[in-house]
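# Per-entry structural report
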Amino acid sequence: MSILKTNQIQTTAGKPLLNSTGSVIQIVSSTKQDIWSGGAYPNWGTVTGLSVSITPTSSSNKILILGQVSCSAGYWEVKGRLIRDGNAIAGAMGAPRGNRAVATFVMNEYDGAAVGYGMYCGHINYLDSPTTTSSVTYGVQMRSYNASYSIGVNYNVYTDDNADTYYGNGISTLTAIEVLS
Amino acid sequence: MSNPAKIIQALRPGANYSCNGTEYEGLEWFEPPVWEGGQRKPTREEWDAEWERQKKLAELNSYKMKRMLEYPNITEYIDGVVKGDDAQVQAYIDKCNAVKIKYPRPEELDSL
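Below: a short report on this structure.

Rules used throughout
Sequence order sets the numbering: in each chain, residues are counted from 1 along the sequence as written. Chain A is the first chain written and ligand 1 is the first ligand written, with later ones labelled in order. Since the coordinates come from a predicted model, pLDDT governs what is reported: local features require at least 70, and pairs of side-chain atoms require 80 or more to be given and counted, while whole-chain, interface and lining totals use all residues. Computation of side-chain values covers all heavy atoms of the structure but excludes hydrogens and water. Only DSSP runs of H or I with at least four residues qualify as helices, and only runs of E with at least two residues qualify as strands; both kinds are numbered from the N terminus onward. Based on C-alpha atoms, the radius of gyration is set beside the globule rule, defined as 2.2 Å times the residue count to the power 0.38. Think of it in three bands: residues with accessible area under 20% of the maximum for their type are buried, residues over 50% are exposed, and the middle band is partly exposed, with areas taken using a 1.4 Å probe on protein chains only. Contacts are assigned to residue pairs with any non-hydrogen atoms lying within 4.5 Å of each other. Buried area, as used here, totals the accessible surface that two parts lose on assembly, with accessibility defined by a 1.4 Å probe and the loss added over both. When a carboxyl oxygen of Asp or Glu is within 4 Å of a side-chain nitrogen of Lys or Arg, the pair counts as a salt bridge. Polar contacts, as counted here, are pairs of nitrogen or oxygen atoms within 3.5 Å of one another; within protein the pair requires one atom able to donate a hydrogen and one able to accept it, and residues that are adjacent in sequence qualify only if both atoms are side-chain atoms. Here the term charged refers only to Asp, Glu, Lys and Arg, the term nonpolar to Ala, Val, Leu, Ile, Met, Phe, Trp, Tyr, Cys and Pro, and the term polar to all other amino acids, Gly among them. Pairing between strands requires that DSSP locate at least two bridges from one strand to the other.

### Concerning the overall build of chain B
- Assigned secondary structure in chain B consists of four helices and two strands.
- When the elements of chain B are put in sequence order from the N terminus, they spell out α-β-β-α-α-α.
- In terms of overall dimensions, chain B is more spread out than a globule: its C-alpha atoms have a radius of gyration of 22 Å, far above the 13 Å expected for 112 residues.
- Dimensions of chain B, computed from C-alpha atoms along their principal axes, come out at roughly 65 × 25 × 25 Å.
- The buried share of chain B, taken over its 112 residues, is 36%.

And the structure:
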C-alpha cells in the first residue's frame, strides 16, 4: 500500500483535473420513504426527515441542491419551498407579484372528476451561495391552497391507504453537493 | 396505518400541525393556546375514533370507484346524440343504470 500526495493533477494542456472550479467536494443526501402531512394554509410546514446538513470547506464554494418531493394536496394546489437553516431562500423562489405567494415549486391541477386529486413531483435544482464555513441545513417546507386541507408527502392525502389498491406511495429526496468555486 | 391529513382535516380543519408517518405518535402540534384562539390537539381517542369513521366512510364510498370502472364509455352517448340515434342513447342510459343497481349507494352513508 502506498500513498500518492500531490498538489494538483493536470491534463496535458495544463488544465487542473482535481480541485478545479466546478469540482465536487462532497455530497450529502437524504431520502424520505415514510409519509408526512401538514402545511395547512397559511402555515408552511417543514417536512420531517427530509433535510441535509453540509459544512462548506470554503465560504466561496457553492452548494448545488437537487431534490424531488412526491406530494399531494387535499384540494387544488401544492406549494413547496427550499429552506436553509429554517428560513426560506429568497433566490430559490419566484419573484413577488401582487398578493401571490412565492415558492420554489407550485403545482396546480383539478381533474374535474368526482373522485381523485393527483399526486405531483416537485423538483428542486438550485445553486446556493451560503458564504459560510459553518454547517448549514437545507430542508423543504410545504403549504396548501386553503386552511381546510393539508399537504401529503409521499402519499395521496385524497385516498385511503387501507381501502384503495389503485394508488401508490413515492419517495422524496434532497441532495446537497458542494462545488468548488 | 392511518391518513393523518384526513383525520386532522376532519377534527381540526386548518390546524397548524406536522405529522411524520401514519401514527398519532408522529403528530406535532403548533397551534397557539386555546385561550389565544388556537385549536386543541386531538387526543389519541379522538384520533382513533375519527380514523375508524374514515375507514368506514372509505369502505362505504368504494361504490363510486366500482361504478366508475364499469360505466360505459361516454363517447357511446355522444355518438348517439350526434347521429340522432335514440336507441343508442337509451342503451347507454340503460347500461349506466345497470351499473348503479349493481353497486348501490349505501344508505348508511347518510348517518356518518
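Moving on from the coordinates now.
### Re the interface of chain B and chain A
- Listed per partner, the contact involves 25 residues of chain B and 27 residues of chain A.
- Across the interface of chain B and chain A, roughly 2,000 Å² is buried in total on both sides, 50% from carbon and sulfur atoms.
- Our count for the chain B to chain A interface comes out at zero salt bridges.
- Linking chain B to chain A there are 11 residue pairs in polar contact (both at pLDDT 80 or more).
- Going through the elements one at a time, helix H1 (4–11), strand S1 (17–20) and helix H2 (44–70) of chain B are the ones with two or more residues in the side of chain B that touches chain A.
- Residues belonging to the side of chain B that touches chain A are distributed by class as follows: 12 nonpolar, nine polar and four charged.
- With three bridges joining them, strand S2 (residues 36–38) of chain A and S1(B) adopt antiparallel strand pairing. Within S1(B), the position partnered with Trp36(A) by the bridge is Asn20(B).

### What about the pairing of strand S7 (residues 105–108) of chain A?
Residue and element names in this part refer to chain A.
- Burial along S7 is one-sided: Phe-105 and Met-107 are buried, while Val-106 and Asn-108, pointing the other way, are not.
- Here four bridges tie strand S5 (residues 77–84) to S7, and the two strands are oriented antiparallel to one another. Of the residues in S7, the one forming a bridge with Lys-79 is Val-106.

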